[in-house]
Each structure stands twice: as structure tokens, then as C-alpha cells.
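A structural walkthrough
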Number of protein chains: 2
Amino acid sequence: LTFDLVLVGFGHVGRRFVRLLDANRTALESGGLGVRIVGVATRRHGHAYASRGLDAIALADRVELGERVGAERGVRRRSGAATAFIRDAGRRSATAARQGRLVVVETTTLDIERGQPAIDHVRTALDCGAHVVTANKGPVAFAYGALARAAERAGRRFLFEGAVMDGIPIFNLVRDTLPGVSITGFRGVVNSTTNYILTAMESGEPFGAALAAMQRAGIAEADASFDVDGWDAAAKTAALANVLLGARLTPASVAREGVAGVTPARVKAARAAGRRLKLVARAERAGRAVLARVAPEELPGDDLLAGLEGQQNALVLQTDLLGEIAIVQRGSGLTMTAYALMADLITIARQCSPRRRAPRARR
Amino acid sequence: LTFDLVLVGFGHVGRRFVRLLDANRTALESGGLGVRIVGVATRRHGHAYASRGLDAIALADRVELGERVGAERGVRRRSGAATAFIRDAGRRSATAARQGRLVVVETTTLDIERGQPAIDHVRTALDCGAHVVTANKGPVAFAYGALARAAERAGRRFLFEGAVMDGIPIFNLVRDTLPGVSITGFRGVVNSTTNYILTAMESGEPFGAALAAMQRAGIAEADASFDVDGWDAAAKTAALANVLLGARLTPASVAREGVAGVTPARVKAARAAGRRLKLVARAERAGRAVLARVAPEELPGDDLLAGLEGQQNALVLQTDLLGEIAIVQRGSGLTMTAYALMADLITIARQCSPRRRAPRARR
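Predicted, not measured: the structure shown is a model, and the values here were computed from it.

1. Some details on the sheet that holds strand E4 (residues 102-106) of chain B
All names here are of chain B. Spatial ordering of the open sheet is given by E3-E2-E1-E4-E5-E6, a layout of six strands whose pairing is mixed. Only two strands of the sheet have a single neighbouring strand rather than two, namely strand E3 (47-49) and strand E6 (158-159). In the sheet, strand E2 (residues 34-41) pairs with E3 via three bridges, with the strands oriented antiparallel. Each residue of the ladder has a partner; that of Gly39, found in E3, is Tyr49. Strand contacts of helix H1 (residues 12-23): strand E1 (2-8), E2 and E4, with the helix running at about 160° to E1, the strand carrying the most contacts. In the packing of helix H4 (residues 81-92) onto the sheet, contacts are made with E1, E2, E3 and E4, and the angle to E3 comes to roughly 10°.

Rendered as C-alpha cells:
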């Protein structure tokens, strides 16, 4: 079975995804999963569609050289352009959509105010009969319930493993491997930039220098407030709470305190006392509501979250049947986010042929 | 769809499984999964079969009062009795087997010498057209490859999530949520009794007293050597290596050093130096071979495995695409093992109706 992919957003993550797919093409095909990229919409380098497939590697190369992917203008030149592009691609790939083998891969950047236009992208794609795979936190953090219902009505999948902890399977873990288990709450460290900054400050590095290092590495957002003021962590907390706890949160409804007010003296004093300061994301049920919070917390040295160095992330799930389960991400990087998209794609393909074995990549 | 279950072994785990199923009956049924127990084979309290279903709760109560579950003799009275029971049940439930809704639930105790008779139980069940779910490490530690192939030939599932880390999804995590990822090695703490003993010794408790506490709690095996000499950890290491790394190990081919030679002085000295002694299980590829080892290791205090208290377990997976992923089990107990069996059962049921939502238990 060959899946036709429409890529909406073609930045670092989207392009790495294309290269990862290409590197694993043989393994995927031997597992029965063919992939063809039929559409690419960029923000500033135009867009392209060809129902017989595009050479996405060549397009990624072009974008990296600053060239355009198509004669048409980039979709961000006017509001709604990407939505129109998706609708058009859905029409031109109507057969693939009808056969359940059209997938829209959404990797535009997060808008922390409203989660748009990514939410519209997801909705439009589902309306066209496409599955949706995204690494964007916005749709899950702002509109999970509505989009999940839209996907169910459409008989299509809406998957977003890359939205939290990159390729580490959080959502898939709970959905696929913990059937019958109820999650009652969670706490975790989910923002790499602030954990790197706090760790660096322990050894005397100034706040600004640590932040700049993360920005140079492409880990921190260009707008420092997004990481430093806890917005990224709040968006991930809302996403996790909405999916795992059935909450109806948005990033703004997560009580939020960032690390901007944390002084080197405080970090060092904690460390000297055998404790560590971490930006902790938490949520728990409180009756029918869900309370969620992001704030710096001073943790005992033997707390699992206290042990996270640099860019590491971890999530501790509280469950009814299994007590606490923690999952720790020790590596990081763009490939992991790209992998999340590929894993979601494989999940969709498996559903279409449930008896088929998972392809094993790069063995 | 109603699944017919044949329970082979009806000890603590088997009986807890029956009670867990019963507690979740409504949730399972609302998820489309009906369960009926048609056969129970005990070691010392006889066996029973009824194609229309047994009252398994009543049978569990009887066993706990020391009474028999059936007029016939227990299957351990003579060698091969349980295998004959499975074959007989397979014949009497031939329709369910043909329809792929017969499941043999194997919970006999581990034989560390050869993994028998559990391997024969699994093989016979698959031959009869039943799926197999087990919490027994033996079949996976001794014969994973052959049994996986037998299951594939039979078109049935052979699942064993409960064999390692109770209900924490290790095997299902890798199989279902890490498609395309190659595991290159692992290290972990997988035996609760020895971790409890080492932790207790740090605070001055003598080895013997700590072991006795675990035996009273029903966590340690009656034969202390099984835990203390690292046999349990070696069996789990072989199981993990066979499944995750494609190895062909048995417990005896895992280099093994237990904790019997560990003195309180050594444990305390490590602790005083900010380090901790842990019984670490490891395996890694070495060319086409897989090297596996269980031995006490002195770990730096900030190592994730060093942070494990009491009966906690953890496994750190080394992967190609995602760096290191750790999963930590912080709770423990019989219910978690029973849950593993239920989760495997739900996995089988999902496969038969892949579009069906997972039942959510006890909400």
C-alpha cells in the first residue's frame, strides 16, 4: 500500500522527516509501506503539488539553498493560503483520500495565542478524508477534543506523538500499551531549553549565555519568552492533560511561572544542599476538573526528575493499576521529532493492515 | 466478541488475574471484549473444564480455602498432565480456537533449568489454535525464537508482557510504539528482591533479615538462590535480549554474579562515597552475537539506576534513532503482573477488531 503525503510546513522538522523517510525507504517498503510525497507547502519558498509524486529531497535541498519549491507563492503570504492548499491537494488526491491512504503531515510553527492556523489545517485535512500527523503542539493543546471527534467522524487518524518529548512514545504508550489503565495525573520536565539553562547555571554559567547556547543550537525558540516564561511547557502540559486526563485546557489555563525570576544564587544554593531546581509541569484530577501547573520546583536530589541533565526530559505518569511509571528521554535532537512523524505514519499504515509486521528500520 | 480462556496455573498470579478481570468486566464488555473462563488447571487442587464457562471467582475462593476446583487430580501429579489438559481443552473448545477466540493463559512457575513444562504448554496451545498469554519467563528466556515462529505459523499471538517488570509495558512498548527503531542494547535493574536487599543493607539491615522480609511479603521466591544468585535477573535478561536484540540466549548463557557475596561494608562504603550498589542486567550486540551479563555494579549517585529504591525496577534501552530511553517502574505488586495478562488479552482482542477503541477500566 502506498501512502500519499502532503507536507504542510517544510522547516527543519519537515525537511528532516523527508530525509529520514528517504533513509528508511527500503525498510519501510519491505514492511509493505510505500510512501510518496505529493504536496509540499512552505512558508516562504512557495508550494508544489504533483499527484504522481514530488522529489522531496530535491525540494529540501532547494529550500536549504534559499530557492523556491514551486512557481507559486509561499502559503504564508496571505492568511488561509495553507488551508486552501490542503483543500486543493485533497481534491486532486481524492482517490487516495477515499482509499484512506492520504496523509497530511503538519509541521508549521506553534502559535501560542490560539493554536492557529494549525487547527484549521488539521480540520481541513480531516474534512478532505486525509489522516493527520503533526509535531505541532497547538492543535492538541487548544482543540484536542474537537479534533479527535472530527477524526472519529471522518474515520481517519489524528496523531501527534512529536508534540511532546520528541519521538519518545508518550501518547502511543498510553493508547497502545496501557489498555484499561487510567492515568490519574502526571509530573515531568518537558522543556529542554530551560532544563539546560538551570543545569548550566548550577556550574556558574550566566542565564543569558546558557540561553544563547540553546538558541545557537536551534533548540530554543527565537522568541526567548516562549521557553523562558514557560509557554512551551504550558502548551505541552495542556496537550498531555487533554489527551491523558480528558481535560479541556489551553496553554493559558495552565498556571505558569517560568525561570526568568530564578537567580544563580538560588540554583547554586539548592545544588549545595543536595537539591536541584527544575521547571516542573504537573497536572492532576480534582473532582471533575483538572488542575495543571508549570513552575520551578526545588526537588530532593534523589527525585527522578532531579537527575535530568542538560536537555533531558522525563514524565512520571500516575496510574490506577500500575502505580507510577516514568519514561525518560536521554537523547534529543531534530531526528527524534522527525522520527515521531514517521512512527505515527507507520501506526496508520499498520491499522490498514493490522496483521502486517512492523518494518524494522536501518538494520 | 467473547474470548474463551483456559488458565494453566492458578497460583497467586492466576487468581489475581481472575479477580482483576471480574472487577473490570463491565469496562471490558463496554469496549466489546467479553471474557469467559472455560478451563482451570491447578498444580495441587485439581482441574476443571466447562465449554459454557466456569465460575472462576468461586474456584479461586475454593483454592484459597484449600479446596479442590474439580473432581479430577491436579495436573502436577504426573508429568505432562497440564499438556494433556490443554490438548483436551483445545479439542472441546475447537470452535472458539478456529474462530481465533481461544486464549491459553499460562502462569505456572518458572523452571530455571529448562523452562519446562511451560514451553510445552505454549507449544501445545498454539498447536490447538489458541493464542497464548503468559507471565512466565521460561518460554521467552529459553525458546522465544521457536515459539514466535510457531505462533506466526499458527496465525495466533504469543504475548508475555508480564515476564519482565510486571505490567510495565516493555515488550509492547518496543513492538507497538517504536516501529522502525532498532534496539542496540539495554541495562537495567529487573529483580525487586535484590534491589530491596541492597537498599535495606545501606541502612544497616542485615542481608538475611531483608531477604526474609521479601519472602514474607511473597515477593522473593521460596528458593532464595533464585533471586540472590541472580537467576531471576538472568532469565529476564535472556528474555529481553531474545526479544529486543534477536539473541538466542538462555538464562545459563548470561554471565551471572549474584548479591550473595556483597557485604554490608561494601554497600555502606559505596553509599558513603555518594555511590550505590545495584544488581545490573546488561546486554549489547557484539558483531552478530549478543553479550549479556548480570552483576553487582557500583553506580554513580546520579545514574538513573542508582535512584531506584526498594522494589523499584528500571530499564534503559539504547536505540539507534532515539538515543537512550528509560522506563521506570515505581509501584509493584501482584496486581501489576495480573494486569500484564489482561493487557495482553486486550491486545489480542484489538487485533481481531482493530478499529475498536480500547476499553478504559475502572473509570
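2. Regarding the packing of aromatic side chains
Applying the stated criterion to the full structure yields six aromatic pairs over all chains. Between Phe160 of chain B and Phe171 of chain B, the ring centres sit 4.8 Å apart and the planes meet at 75°, which makes this aromatic pair edge-to-face. Taken together, the residues Phe160 of chain B in the loop between E6 and helix H8 (171-177) and Phe171 of chain B in helix H8 connect sequence positions eleven residues apart. Accessibility classification places Phe160 of chain B together with Phe171 of chain B in one group, the buried group. Ring pairs connect the aromatic residues Tyr144, Phe158, Phe160 and Phe171 of chain A, which therefore count as one cluster. The positively charged end of Arg256 of chain A is found above the aromatic ring belonging to Trp231 of chain A, 3.7 Å away from the centroid.

3. Quick look at the relation of the copies chain A and chain B
Of the transformation superimposing chain A on chain B, the axial component is 0.0 Å and the angular component is 180°, with the fit at an RMSD of 0.0 Å. Such values leave the two copies arranged in the relation of a two-fold axis. Of the C-alpha atoms belonging to chain A, the one lying closest to the rotation axis is found on Ile327 of chain A, 2.3 Å away. In this assembly the copies share their binding face: 100% of the residues contributing to the interface of chain A also contribute to that of chain B.

Basis of the calculations
- Each chain has its residues counted from 1, running along the sequence as written.
- The naming scheme follows written order: chains are lettered A onward, ligands numbered 1 onward.
- Reporting in this predicted model follows two pLDDT cut-offs: at least 70 for local features of residues, and 80 or more for side-chain atom pairs to be given and counted; totals over whole chains, interfaces and linings ignore these cut-offs and use all residues.
- Each side-chain value is derived from all of the structure's non-hydrogen atoms; neither hydrogens nor water enter the calculation.
- DSSP calls a pair of strands paired once it identifies at least 2 bridges connecting them.
- Put simply, DSSP H or I for four residues or longer makes a helix, DSSP E for two residues or longer makes a strand, and each gets a number counted from the N terminus.
- Two residues qualify as a contact provided that any one of their heavy atoms is within 4.5 Å of a heavy atom in the partner residue.
- Between the N-to-C directions of two axes lies an angle of 0 to 180 degrees, each axis being a line fitted to C-alpha atoms and, for a helix, fitted only over the stretch in contact.
- Here the aromatic set is Phe, Tyr and Trp, taking the six-membered ring for Trp, and pairing holds for ring centres within 6.5 Å; pairs whose planes are under 30 degrees apart are stacked, those over 60 apart are edge-to-face, and all others are tilted.
- Categorising residues by exposure relies on relative accessible area from a 1.4 Å probe, with only protein chains included: less than 20% of the type maximum marks a residue as buried, more than 50% marks it as exposed, and the intermediate range marks it as partly exposed.
- Distance and angle both matter: a charge sits over a ring if NZ of Lys or CZ of Arg is within 6 Å of the ring centre and within 35 degrees of the ring normal.
- Here the copies are matched by least squares. The fit uses the C-alpha atoms of residues with pLDDT of at least 70 in both.

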